[in-house]
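# Summary of the model geometry
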Amino acid sequence: MHHRKRIEIVVERVRADDVTDLLDRLGATGWTILPVLSGRGRRGVRLGGDLSGVLDNVVIVCIASEAVTARVLDASDELLGARPAIVSITDCTVLRADHF
Amino acid sequence: MHHRKRIEIVVERVRADDVTDLLDRLGATGWTILPVLSGRGRRGVRLGGDLSGVLDNVVIVCIASEAVTARVLDASDELLGARPAIVSITDCTVLRADHF
Amino acid sequence: MHHRKRIEIVVERVRADDVTDLLDRLGATGWTILPVLSGRGRRGVRLGGDLSGVLDNVVIVCIASEAVTARVLDASDELLGARPAIVSITDCTVLRADHF
Amino acid sequence: MPEILSLLPPPVMFFVLGFAAGLLRADLSIPEALARALSIYLMIAIGLKGGAALASPGATEGLWAALALGIGLSFLLPLPAFLFLRGALRIERETAAAISGHYGSVSVVTYAAAAGTLATLGVAQEGFMPAVLAAMETPAILTALLLARLGAGPDQPRLNAGKLAHEVLLNGPVVLLLGSFLIGFLAGAPGRQQLAPFTEALFPGALCLFLLEMGLMAVRQLRAGGRGLSWGLVGFGMAMPLLGGTAGLLGAQAIGLSTGGIALMAVLSGSASYIAVPAAMRLALPRADAGVYVTLSVAVSFPFNILVGIPLWVKLAGA
Amino acid sequence: MPEILSLLPPPVMFFVLGFAAGLLRADLSIPEALARALSIYLMIAIGLKGGAALASPGATEGLWAALALGIGLSFLLPLPAFLFLRGALRIERETAAAISGHYGSVSVVTYAAAAGTLATLGVAQEGFMPAVLAAMETPAILTALLLARLGAGPDQPRLNAGKLAHEVLLNGPVVLLLGSFLIGFLAGAPGRQQLAPFTEALFPGALCLFLLEMGLMAVRQLRAGGRGLSWGLVGFGMAMPLLGGTAGLLGAQAIGLSTGGIALMAVLSGSASYIAVPAAMRLALPRADAGVYVTLSVAVSFPFNILVGIPLWVKLAGA
Amino acid sequence: MPEILSLLPPPVMFFVLGFAAGLLRADLSIPEALARALSIYLMIAIGLKGGAALASPGATEGLWAALALGIGLSFLLPLPAFLFLRGALRIERETAAAISGHYGSVSVVTYAAAAGTLATLGVAQEGFMPAVLAAMETPAILTALLLARLGAGPDQPRLNAGKLAHEVLLNGPVVLLLGSFLIGFLAGAPGRQQLAPFTEALFPGALCLFLLEMGLMAVRQLRAGGRGLSWGLVGFGMAMPLLGGTAGLLGAQAIGLSTGGIALMAVLSGSASYIAVPAAMRLALPRADAGVYVTLSVAVSFPFNILVGIPLWVKLAGA
Ligand SMILES: Nc1ncnc2c1ncn2[C@@H]1O[C@H](COP(=O)(O)O)[C@@H](O)[C@H]1O
Ligand SMILES: Nc1ncnc2c1ncn2[C@@H]1O[C@H](COP(=O)(O)O)[C@@H](O)[C@H]1O
Ligand SMILES: Nc1ncnc2c1ncn2[C@@H]1O[C@H](COP(=O)(O)O)[C@@H](O)[C@H]1O
Ligand code: NA
Ligand code: NA
Ligand code: NA
């Protein structure tokens, strides 16, 4: 078993590509995007499903090494500076080190 | 980086509002609701998608401070006493302390 | 509060049943399956939603005891040997020990 | 071929196809959104057609008696169901009450399939039957709640009366059926004509597609929730439609409905809810086992009604 | 009944049903995929019909003047909106610009509902109006961006011109409307005949279903995002359609459109975008509050236009 | 305009629209549930129509020869494909076998588009062609599995024969096509008449919508999975439809099908599966690269068949 970080990001669906591009650039070996039904944060309740799609959020999960995680955190602060998103990091272990 | 708790609750979709109302009341700064395809627990397999929607579950994720988490745990035990739900808590870190 | 493991598996939707059958067999008390919109890994970008459904992935979350987790890890290495999937494990705590 | 058609019209054949495909574990699934969309479509189409029919002259004759009969049956049918479930099968009180509520209430698709069979046979019916359908949706919910309370201990969870009233009066099927009924009535003949390609011409095809999915869904829920059903419960899920249908048949004959009306009233009484009542029970009787009542209604009684109930009541009504 | 029908045709009654069901918190929801599917269907059907109409002889007469008028209004209407939002309501610059863009642009469903009303009344219109609808979608986006920049500090985030151009020229509604318009034009009368059961016969029914959902959605977004709306903003959401509609009405009379064309031009000018503009604003003006502009457009101006705007403009146009 | 119509009927124009919108990265997407719903609808409509046609007198003439031809082609066409993929392109064994299976099997939408073109041109065809379509779905799967085994080492993962048989016999398209075919046959003329507004009147419109989505999907999968395709593979994805189509054309002429039947047999042989075969290959050949075969079928051969194949075979058939 090998130690890694599980990065979880809640972000607007229309901006998901920017985030995954960033993850790719910073050396993440992969990521997974999950749909969100609704949420609440500082900007109040966000209910997905309006016709323009601008109120939809997604969750991006990325299992990454310590080094990649550090780079992502530095950059995501900058990337997301102007636009709100929720980033949390958890310790995890993975089966095969070479995948991450 | 600041330490927080990641609360994850699996609950019936028809009761999600009760749970998020509780989270709001106890001071959580936000939450995110994800759809569930299917699951298994003590009551056997639950397959979403029946027409009444009563078999649908959701996952509620809430990043909260230690204090809020404690309050939520006390209350959720009571709230969910009669009705089954799965609550798990993980340690996590977040970028900006003021958001949570 | 009781210590448990949170196992998270990203796997092809068409193979989800094999994984949950394995979890059942190894003594897991339950699991939850979440839909995935898209992802990237060693095999490149996987975009769900093609008509045959073979490109769809899901996330399987299983809260399990240390013992069950160990068994699952041994077996999943074997089960998933030929077919790629992402397995990560996190420490978590749960409210009621008897549920897991 | 008309004979086969009248015994087994295309929508029923599609139900059989879906059921068989499910049993054989065929790799076939209908998107959930499509099933929900078709369900909404059927309710709107039934409501609009009924409302427009009621707007034609003389169409209200017999309406009040039929409404009273339907509401009465919806209130009363849960009683024998509950007694049997408690007495013979020893089902836990809340679950027994929840199950019994389903059998007082009705199934929109069973109604639609029966109406389709009657149309194929050329048998006329009262235009107000969709109103009866809507009226029968919810009285049974109240009976079920009463049954759950009677003789229960003092540790009952508080009943959120507001939420419950909403479920009873403002559940999806009631709102859609009554709303469309009213709109159909107000729009009258010109409105009907404008909407007919949508609500009438497409109806048989949409019903086929929906029954295909209902067949698949019946097997799916049977697989997921079937272990919770004893053989006694399965037997109940077939006997109760026969009891309800008989009551509806006799009642409808007593108040002098037309042949088609008698058949539809029997079908309604024999059918079991799978949208409005489960939703209400989940909120009002949280300790009742949803897996049991959903599975029983969708996977046992619904197929039984489609395959046995409808032909039986149509025949007994004299069509 | 024809009088009720002309004041409150079935699609509008379904909107009222959805809105009422939402307000009463009825347990009713339309799958999101169905709402999106209906929205796509309506745009394709409108485009195809318009294109086929344009292919008939003499149909282009007055086209260029109408296009010029529509594009001009789309460019200009954000100006008074922005001034009012900044001056009277003191809305933050980016949000004010984003909101104002919605009111220069148009709503496809409002257009469809108005076209339905005119059809019920038997009032003819220019066949090219769908082209005007498509042309009015995006000029307002450019004005909104200009307004957001004017007098703003130097710390503006860089504008990704490529992405923005895509949003302006290649957003969903523009692509679907213009694409279908072109296809309808090329396919001409035989193509139209082949597709008519889909694009024309189903149109009124599909519109009913979609407006039911729009009623539900209006209340849903009001609940989720309503706290962000001051009374001033709510007032603006009703006044601005009146201003825009008046401008459209006078302009259309000036260039000599038919009665139906005048009514539709007023409806278009008074309507507010809920697909193309929110999507563009989200990318171009990320600091603007999406909750405010989506809610204002979907939950205030859209209902106002359906219930007040359309009857008003149809009447003032002389139909 | 009829000339443009016959070269580029509306459904094909919608495919081009979707493909172009995708290439230009337009902000347009069709809900996945709608795409799946339309795919199910098309299979049911094709099956029902074919079954009803077969119920008319004399309609089975030539059926067995056509079935034998179709099944034979489905079995054999993977062979040249496999040899080329292994020999010339050096594709890994399992992936080569999986790809080759797609080209023996067929694409329902390509068939539907061709049938639409023939209808526009007024060219008749054998009523049993939907049965041939269904019969060609799966023989190729068996050939593909055989090819994957031949000469492979002993470390092959065990083949779950039960699961595989299900995929072959009970995959979604086969169940839907054959089931609807049988229902259409049993329901005969009265059933057909009842369902015609759903299955026939809507067909061209539904096909337009679906091809719009297929255009978008082709580009989407090309973007996601395109890096996995060498130029050799892309060339194969166009050459193989030509080879298959030629075989189908000659075979159909040899057994004496009508002009329309010849064109359809060529289209079927030239088309590549995108539902049944990928699903079967995923289970049976897990080490084959799904990204490659799905992308090749959906994003290369499908567009090629729609834009080049259909016009070519229709022309060569003499229509
Ligand atoms: N404390 C939290 N826990 C979980 N999710 C959150 C939390 N705060 C915000 N979110 C999610 O992030 C989205 C945007 O948050 P905000 O920008 O603060 O409105 C919300 O709609 C939620 O889905
Ligand atoms: N050990 C577990 N791990 C993950 N999810 C679980 C677990 N147990 C139960 N669940 C989820 O919680 C739902 C309700 O569980 P139950 O009430 O025990 O039937 C199930 O349908 C699963 O989705
Ligand atoms: N590092 C990662 N973090 C999160 N998800 C991943 C990661 N790597 C792979 N995945 C997910 O697992 C799927 C299959 O990965 P692979 O087999 O490596 O292509 C991808 O499509 C992603 O959804
Ligand atoms: Na009943
Ligand atoms: Na406007
Ligand atoms: Na082929």
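Refer to the structure printed above.
How each quantity is defined
Residues numbered from 1 in each chain as written. Chains lettered and ligands numbered in written order. Predicted model: local features only at pLDDT ≥ 70, side-chain atom pairs only at ≥ 80, totals over all residues. Heavy atoms only, no water. Helix = DSSP H or I, 4+ residues; strand = E, 2+ residues; numbered from the N terminus. Rg over C-alpha atoms; globule rule 2.2 N^0.38 Å. Buried < 20%, exposed > 50% of the residue type's maximum accessible area, 1.4 Å probe, protein only. Contact = heavy atoms within 4.5 Å. Least-squares fit on C-alpha atoms with pLDDT ≥ 70 in both. Buried area = accessible area lost by both parts, 1.4 Å probe. Polar contact = N/O pair within 3.5 Å; in protein donor to acceptor, adjacent residues only side chain to side chain. Nonpolar A, V, L, I, M, F, W, Y, C, P; charged D, E, K, R; others polar. Salt bridge = Lys/Arg side-chain N within 4 Å of Asp/Glu carboxyl O. Patch = residues over 30% accessible without salt bridge, like charges linked within 9 Å, V, L, I, M, F, W, Y side chains within 5 Å. Areas by Shrake-Rupley, 256 points an atom, 1.4 Å probe, with all protein chains shown as cover. Axes fitted to C-alpha atoms, helices over the stretch in contact; angles between N-to-C directions. Parallel < 35°, antiparallel > 145°, perpendicular 65-115°, else oblique. Left-handed = near helix turned anticlockwise from the far one by under 90°. Expected span 1.5 Å × (residues − 1). Donors = N, O, S within 2.8 Å, 3.2 Å for Na, K, Ca; no water. Near = heavy atom within 4 Å. Phe/Tyr/Trp six-rings, centres within 6.5 Å; stacked < 30°, edge-to-face > 60°. Pairing = 2+ DSSP bridges. Lys, Arg positive; Asp, Glu negative; His and termini not counted.

### Considerations on the overall build of chain A
Across its full length, chain A carries two helices and six strands. Counting from the amino terminus, helix and strand elements in chain A follow one another as β-α-β-β-β-β-α-β. Computed over its C-alpha atoms, the radius of gyration of chain A comes to 14 Å, within 12% of the 13 Å expected for a compact globule of 100 residues. Per-residue burial over chain A gives 64% buried out of 100 residues. The long-range share in chain A, meaning contacts at least 24 apart out of those at least 6 apart in sequence, stands at 81%.

### Quick word on the overall build of chain D
Across its full length, chain D carries 16 helices and zero strands. Along the longest, intermediate and shortest principal axes, the C-alpha atoms of chain D span 55 × 45 × 35 Å. Counting over 319 residues, chain D shows a buried share of 64%. Residue pairs in contact within chain D that sit at least 24 positions apart in sequence constitute 89% of those at least 6 positions apart.

### Things to note about the relation of the copies chain D and chain F
With an RMSD of 0.0 Å, chain D superimposes on chain F once it is rotated by 120° and translated 0.0 Å along the axis. Such a combination of rotation and displacement between the chain copies is what one expects of a three-fold axis. Minimal C-alpha separation from the rotation axis in chain D is found for Ala33(D), amounting to 3.7 Å. The overlap is low: 7% of the interface residues of chain D also sit at the interface in chain F, so different surfaces are used on the two sides.

### Re the interface of chain D and chain F
At the junction of the two partners, chain D supplies 27 residues and chain F supplies 27 residues. Between chain D and chain F, a total of about 2,300 Å² is buried, with carbon and sulfur atoms accounting for 82% of that surface. Among the residues chain D hides against chain F, the three largest losses belong to Met13(D), Phe14(D) and Asp27(D). Together they make up 20% of the total. Connecting chain D to chain F are three residue pairs in polar contact (both at pLDDT 80 or more). Counting only elements with at least two residues in the side of chain D that touches chain F, the list comes to α1 (2-7), α2 (10-23), α3 (32-54) and α12 (203-225) of chain D. Looking at which element gives the most residues to the side of chain D that touches chain F, the answer is α12(D), with six residues. Across the side of chain D that touches chain F, the residue classes tally to 22 nonpolar, three polar and two charged.

### So, the environment of Leu8(D)
As for its placement among the helices and strands, Leu8(D) is situated in the loop between α1 and α2. For the pair formed by Leu8(D) and Ala134(D), sequence separation is 126 residues and the distance between their alpha carbons is 26 Å.

### A look at the interface of chain F and chain C
With 23 residues of chain F at the interface, the matching set in chain C holds 16 residues. For the pair chain F and chain C, the summed buried area comes to about 1,700 Å², and 61% of that belongs to carbon and sulfur atoms. Where chain F packs against chain C, one counts two salt bridges. The salt bridge partner of Arg36(F) is Asp56(C), with a shortest N-O separation of 3.3 Å.

### Regarding a nonpolar patch on the surface
All names here are of chain D. Residues Val-16, Leu-242, Leu-307, Val-308, Leu-312 and Leu-316 make up a contiguous nonpolar surface patch of roughly 430 Å² in combined accessible area. At four residues, the largest contribution of residues to the nonpolar patch is made by helix α16 (residues 290-316). For Val-16, the location among the structural elements is in helix α2. Overall, the relative accessible area of 35% leaves Val-16 in the partly exposed class.

### Comments concerning the arrangement of the chains
Between chain A and chain D there is no contact, and the shortest C-alpha to C-alpha separation is 13 Å. Chain B makes no contact with chain E; the smallest distance between any of their C-alpha atoms is 10 Å.

### Description of the packing of helix α12 (residues 203-225) of chain F against helix α16 (residues 290-316) of chain F
Residues and elements named next belong to chain F. In the contact formed by α12 and α16, the axes pass within 8 Å of each other and the chain directions differ by 135°. Put simply, α12 runs oblique to α16. Helix-helix and strand crossings are classified by hand; for α12 and α16 the assignment is left-handed. Across the interface between the two elements, Leu-211, Met-214, Met-217, Ala-218, Gln-221, Leu-222 and Gly-225 of α12 pack against Thr-295, Val-298, Ala-299, Phe-302, Pro-303 and Ile-306 of α16. For the contact of α12 with α16, the class distribution of residues is ten nonpolar, three polar and no charged.

### Describing helix α12 (residues 203-225) of chain E
The first and last C-alpha atoms of α12(E) sit 31 Å apart over 23 residues, in line with the 33 Å expected at 1.5 Å per residue. Burial analysis of α12(E) places 20 of its 23 residues in the buried class, which makes it a mostly covered element.

### Here's the deal with the coordination of the sodium ion (ligand 4)
For a metal bound by four donors in a tetrahedral arrangement, the ideal donor-metal-donor angle is 109.5 degrees, while six donors in an octahedral arrangement ideally sit at 90 or 180 degrees. All names here are of chain D. Ligation of the sodium ion (ligand 4) by protein atoms is provided by Tyr-103 (O), Ser-105 (O), Leu-268 (O), Ser-269 (O) and Ser-271 (O), these donors lying 2.4 to 3.1 Å from the ion. Judged by its relative accessible area of 2%, Tyr-103 falls in the buried class. Note on Ser-105: relative accessible area 0%, which makes it buried.

### Topic: the site of ligand 1
In the neighbourhood of ligand 1, 18 residues make up the surrounding shell, with Arg42(A), Arg43(A), Ile86(A), Thr32(B) and Ile63(B) lying closest. Looking at what sits near ligand 1, you find residues from chains A and B. With respect to ligand 1, the backbone of Arg40(A) contributes an N or O atom lying 3.5 Å from a nitrogen atom. Within the contact set of ligand 1, a nitrogen atom lies 2.9 Å away from a backbone nitrogen or oxygen of Ile63(B).

### Focus on the packing of aromatic side chains
All names here are of chain E. Inspection of every chain in the model, using the stated rule, returns 21 aromatic pairs over all chains. With 5.2 Å between their ring centres and 90° between their planes, Tyr-41 and Phe-198 make a pair best called edge-to-face. With Tyr-41 in helix α3 (residues 32-54) and Phe-198 in helix α11 (residues 172-201), this residue pair connects regions lying 157 residues apart in the sequence. A residue is classified by how much of its surface remains accessible, and Tyr-41, at 6% relative accessible area, is buried.

### Comments concerning the pairing of strand β2 (residues 31-35) of chain B
Residues and elements named next belong to chain B. Of all five residues in β2, five are buried; the element is thus mostly enclosed. Taking every second residue as pointing to the same face, both faces of β2 are buried, with Trp-31, Ile-33 and Pro-35 on one and Thr-32 and Leu-34 on the other. In this sheet, strand β5 (residues 57-64) lies alongside β2 in antiparallel orientation, the contact comprising four bridges. Bridge assignment links Ile-33 to a residue of β5, and that residue is Ile-60.

### Notes on the site of ligand 3
Within the structure, ligand 3 sits among 18 residues, and Thr32(A), Ile63(A), Arg42(C), Arg43(C) and Ile86(C) are positioned closest to it. Between ligand 3 and Arg40(C), the relevant distance is 3.5 Å, taken from a nitrogen atom to a main-chain nitrogen or oxygen of the residue. Between an oxygen atom of ligand 3 and a side-chain N or O atom of Asn57(C), the distance comes to 3.4 Å. The fraction of the free accessible surface of ligand 3 (490 Å²) that becomes covered by protein chains is 98%.

### A short note on the packing of helix α3 (residues 32-54) of chain F against α12(F)
Residue and element names in this part refer to chain F. Put simply, α3 and α12 touch, their axes get as near as 10 Å, and they point 140° apart. Relative to α12, the element α3 is oriented oblique. α12 is crossed by α3, and the crossing has left-handed handedness. Facing Leu-34, Ala-35, Leu-38, Ser-39, Tyr-41, Leu-42, Ala-45 and Ile-46 of α3, the residues of α12 in contact are Phe-203, Ala-206, Leu-207, Leu-209, Phe-210 and Glu-213.

### A word on the side chain of Glu126(F)
Residue and element names in this part refer to chain F. Turning to its location among the elements, Glu-126 is positioned in the loop between α7 (108-121) and α8 (129-136). Of the side chains bearing the opposite charge, Lys-49 lies closest to the buried Glu-126, which forms no salt bridge; the N-O distance is 13 Å. Engagement of the side chain of Glu-126 in a polar contact is seen with the backbone nitrogen of Ser-258, the distance being 2.8 Å.

### Comments concerning the environment of Ile183(D)
Tracing the chain through its elements places Ile183(D) in helix α11 (residues 172-201). Between the C-alpha atom of Ile183(D) and that of Gly51(D), which follows or precedes it by 132 residues, the distance is 7.0 Å. The contacts of Ile183(D), once residues within four sequence positions are left out, are Leu48(D), Pro10(E), Met13(E), Phe14(E) and Leu17(E).

### Looking at the pattern of salt bridges
Within the structure shown, the criterion is met by 39 salt bridges over all chains. Arg6(A) is the salt-bridge partner of Glu8(A), the closest N and O atoms lying 3.0 Å from each other. Accessibility classification places Glu8(A) together with Arg6(A) in one group, the buried group. Here the residues in one salt-bridge network are Arg6(A), Glu8(A), Arg6(B), Glu8(B), Arg6(C) and Glu8(C), joined through shared partners.

### Brief notes about helix α14 (residues 259-270) of chain D
The end-to-end C-alpha distance of α14(D) is 17 Å, a good match for the 16 Å that twelve residues give at a rise of 1.5 Å each. Counted residue by residue, α14(D) has eleven buried out of twelve residues, so it is predominantly covered.

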